[in-house]
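# Observations on the model geometry
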Amino acid sequence: MALRKLPNRTQARVFSRRTALMGLGQAALTMTLVGRLYYLQVLQADKYRLLADENRINLRLLPPSRGLIYDRFGLALADNYPNYRAMLVAEQTSNLARTLDDFSALVPLSERERAKIMKELSRVRAFTPIPVKEDLDWDQVSAVELNLPDLPGISIEVDQKRVYPFAGIAAHMLGYVGAPNEDDLQQDNDPLLSLPGIRMGKNGLEKQYEHPLRGQAGQSELEVNSVGRVIRELAREEGTPGKDLVTSLDIGLQQFVQQRLSAEFSGAAVVMDIYNGDILAMASTPTFDPAAFYRGLTASEWQALMSDQYRPLTNKAIAGQFAPGSTFKIATAIAAQQVGVTPAFNVFCPGFYQLGNMRFHCWKKEGHGHLDMPGALQNSCDVYFYELSRTIGIDAIAVGARELGLGDVAGIDLPGERPGVIPDRAWKKATMGESWHQGETLINGIGQGFVLATPLQLCTMASRVANGGYAVKPHLFRAADPQKADGPSPYPKMKLEDSWLQTVRDGMDRVCNVVHGTAYQARIPIPGMEMAGKTGSAQVRRITMAERAVGVRKNESLPWKERDHALFVAFAPVHEPRYACCVVIEHGGGGALYAGPIARDIMIETQRRDPARRNPNNEGGRREMP
Amino acid sequence: MTLGYQFGSSGRERMRWREKIAHISWPIVFLIGCVASIGFATLYSAAHGSADPWMDRQIARFAAGAAMMFAVAMIDLKTLMRFAYPCYLVSIVLLIWVDFAGQVGMGAQRWIDLGPVQLQPSEIMKVTIVLTLARYFHGLSYEDVGRPLSLVIPIVLVLVPAGLVLKQPDLGTAGMLMMVAAAIFVVVGVRWWKFALVLALGIGAAYYAWNSPHILHDYQKARIMTFMDPESDLQGSGYHIMQSKIALGSGAMWGKGFLQGTQSHLDFLPERQTDFIFTMFAEEFGMVGSLVLLSLYVLLVIYGTVIALRSKTQFGRLLAFGLSFNLFCYFFINTAMVMGLIPVVGVPLPLISYGGTVMMTVLIAFGLIMSVNIHRDQRIGRRLGNEDT
């Protein structure tokens, strides 16, 4: 028995020893587990916490509402309207086709729309809402809302759309918004722009003030599961809505100006406050509907807009460069006095001017006889200004013109302003590589030849003459404190003596208010509202000697493209000026005949409304005629 | 029958029921209760704070399993030995049946549908293999073990079920069967050089298979590589293990709190109620919770091993040791797998993972361990029925 038990004891001893060994092995393995846990849950905890949050948290941008654009009296020119959309969540309906059928019984869906929905549905997960129909009207919204129990999966969502209540009335200034393109996304890395459906300013004020108008995107932190279904919202940070923009426009006046101008094929008009530079109205015709850009233009619509010879998309008030014609004589007159010529400077006009073997004609074949400076302005005598220009030279003219704001952008807060051209010797050398001819001095002295100016620049020129020589600059953004508007001009006084300006103002007064003035027909006969102005008819073709011999053809008999530009600059009231105005009718014909009456009507309306001094909305509308 | 006095320390022929119950190792019962409760709570959380569909059924299984555990604990070792080979045969038959007629469930494990109960024979095999090997080696002396021929039978006993399980293909169970068998081979005293030889042969064979152009296709090699290193394939099989590591790591020291695990509740974690349940628990209770759970398992293994050491019969020793080691393999493979230490092989976490067969077999295994404890002084001869030897 004892012998037999011996091996059994060996067995037990071996078992104990080897079990202890195995225990050590197990302990080692268990420590590996503990070490691994320590590594994962302590050393790497931050990394994995971040990964877990990346897994479950989805950031979604909340688009801020875009700032509104108002006129000076608080009427919205660019507004946000609710855009009602029908959304569909596929997983919430058992019968997709039936839901869509029932829906289209309430809101008609075209075959194309249905195909688009089906395509979209195949791309996204069943719980992702997709748009079924945009921009539902109120009746459709209520019909859908009423039938929601029978439309499983359908819901109504609201976001905002940009609306321009005045449509084409201020389209060139307001501009429009559209979906950002590749270039926009590259230049601007605001993540907001990558949101589907977002629109950004593409032109006009919408573009100029894009950043303040846009605002800051908010953010919603969503918890999602492994397939992306939203479980709940963890945090929400509302964005900052865009800032509202109050402009200096008087939309009532704007409406009048735009409509008054729209009888013409193509033209522009600007009305501004001569002291503070407020643009009260700025029209360009033909105009366009900014809503078309919001929904997106079709290729043919775009083609039609681009190929239109009247260039509806161009804001001709700031980007249309015209030869200023006789309106430039204002600048020449100032420039002459600047270099010491007195208003009494006298020239005899026989109807033409001989320079060497070249003959320059006055617009009046018979001649004007003896004229001083105001008289020359009153009659717009070309010969007088030929002589004046030759006397002072082109460089002196350029200095005076630039002082009045020509030859460079006026600096209005709109994109796309053009600088125009004020030539001098250096300019010609630089651009054409040729030296200056004296004959060119004569031509440019009366606003022909190389000289180009925008209607806005001409209006600024008139303002600076009328306000007593302050370097006023036009702008659309309304100063925060409207009370300041009536105070002294906030702009620096220019190096122009008031007597020089007075000479020009006298001449402009006589243009309108003296019987033989070139614009007497277009005068304002209302006492206290009289305006002073200057006509301009800028030739766009060369009149040959042969044609002159048989008689210069009337503008009306020429094709549109060959007619003169009709221009008129004015300020009013003549003895206590407040408003300046410039009207340019592209290829309109004679300035006195075509631009003058428009300017007259605009100045009457401006003074009736008197927007710089009063709020017609508060005080019962326009001023009655005395 | 004179030697019948060797039964029990008191020398009585049979232990009384009262005595048996008094010898039940209540600390083990308490530890089992703790682990199972953690399991219930985790299943409650896995269902987003609901007893349905997992926790209530798991509790019912646990109750049934516990009853079986106590019943098994009452059976004396001799009876257990008598049943060892028949149990083994039944398990083999079930394995063959499941290989041909079974249904594929989650992962690779196959089960037999018996109406209300679904049986996973591979889980049953994990217990019966220990029982069988204990039975076999009980009949061998230390010198017998030294003879190479005596190892042929137990190797066959292991390889047959391992092969059948591998065919399912359930790599985890096959591996566990081999590991547990190897552990038993170690403690019965199989000479070390034999292990060294087998290991060397195995490595050589694997090396040859890998480098020979005729045995494995490139795509098979690629699959093996992905299996060994799932993180090289983050879009496919690596995704789950990555999500598991994120869940574990983000749980950090104190965890995200009960019902607060984001990875598990938002479905980033796969199989959160079965194989990856440890991850779910660790995400919500952090490193502290994980260590507590691991400690409970370690205590259970230590307890079982101590019972093995205290048993007076080789059968009892091997049975208790084998089953304790089995438990160690369960929780080690499962946790190492979800921590990304070893490839994902589909081994459940005992007492916690949702699943009926595992719950039953693990509790029966504890019943067997407890039986060894209760009958630790019972002596059995080399050959059953002849206590004389």
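Refer to the structure printed above.
Numbering of residues begins from 1 in every chain and follows the order in which that chain's sequence is written. Working convention: letters from A go to chains and numbers from 1 go to ligands, in the order in which they are written. In keeping with the model being predicted, local features are shown solely for residues with a pLDDT of at least 70 and side-chain atom pairs are shown and tallied solely at 80 or more, while totals for entire chains, interfaces and linings include all residues.

To qualify as a helix, a DSSP run of H or I must reach at least 4 residues; to qualify as a strand, a run of E must reach at least 2; elements of each kind are numbered from the N terminus. Secondary structure assignment for chain A yields 23 helices and 19 strands. Relative to the compact-globule value of 25 Å for 626 residues, chain A shows a C-alpha radius of gyration of 37 Å, a clear excess of over 25%. Taking the principal axes of its C-alpha atoms as reference, chain A extends roughly 160 × 60 × 50 Å. For chain A, with 626 residues in total, the buried portion stands at 42%. Residue pairs qualify as contacts under a 7 Å threshold applied to their C-beta atoms, which are placed from the backbone. Restricting the contact set of chain A to residue pairs at least 6 apart, pairs at least 24 apart contribute 75%. Atoms counted for the radius of gyration: C-alpha only. Globule rule: 2.2 Å times the number of residues to the power 0.38. Here exposure depends only on C-beta density: within 10 Å of a residue's C-beta, 20 or more other C-beta atoms make it buried, 12 or fewer make it exposed, and intermediate numbers make it partly exposed, the C-beta atoms being placed from the backbone.

Once that is clear, we can look at unusual backbone geometry. Residues and elements named next belong to chain A. Here the residue pair Thr285 and Pro286 is connected by a cis peptide bond, since its omega of -5 degrees sits within 30 degrees of zero. Look at the link from Ala572 to Pro573: it is a cis peptide, with omega at -15 degrees. One non-glycine residue, Ala167, lies in positive phi territory at about 45 degrees. Topologically, Ala167 is positioned in the loop between strand S5 (154-163) and helix H6 (171-174).

A word on the interface of chain B and chain A. Residue-level contacts link 42 residues of chain B with 34 residues of chain A. When contributions to the side of chain B that touches chain A are tallied by element, the ones reaching two or more residues are helix H6 (142-146), helix H8 (171-188), helix H11 (237-251), helix H12 (262-265), helix H13 (277-310) and helix H14 (314-338) of chain B. Ranked by the residues each element gives to the side of chain B that touches chain A, the list is headed by H13(B), at ten residues. All residues other than Ala, Val, Leu, Ile, Met, Phe, Trp, Tyr, Cys, Pro, Asp, Glu, Lys and Arg, Gly among them, are scored as polar; the first ten of these are nonpolar and the last four charged. Class assignment for the residues of the side of chain B that touches chain A results in 25 nonpolar, 13 polar and four charged.

Next up on the list: the packing of helix H14 (residues 329-338) of chain A against helix H16 (residues 382-392) of chain A. What describes two packed helices is the angle between their axes and the distance between those same axes. Residue and element names in this part refer to chain A. An axis is simply a line fitted to the C-alpha atoms; with a helix, the fit covers only the stretch in contact. Between two such axes, the angle follows the N-to-C directions and lies from 0 to 180 degrees. Packing of H14 against H16 leaves a shortest axis separation of 10 Å and a crossing angle of 45 degrees. By the criterion of interaxial angle, the relationship of H14 to H16 is oblique. For the pair H14 and H16, the crossing hand works out as left-handed. Taking contact as the criterion, the partners of Lys329, Thr332, Ala335 and Ala336 in H14 are, on H16, Phe385, Leu388, Ser389 and Ile392. Taken together, the residues that form the contact of H14 with H16 break down as five nonpolar, two polar and one charged. Comment on the angle field: the value is read as roughly parallel under 35 degrees, roughly antiparallel over 145, roughly perpendicular from 65 to 115, and oblique elsewhere. It is the rotation of the near helix from the far one that decides the hand of a crossing: anticlockwise by less than a right angle makes it left-handed, clockwise makes it right-handed.

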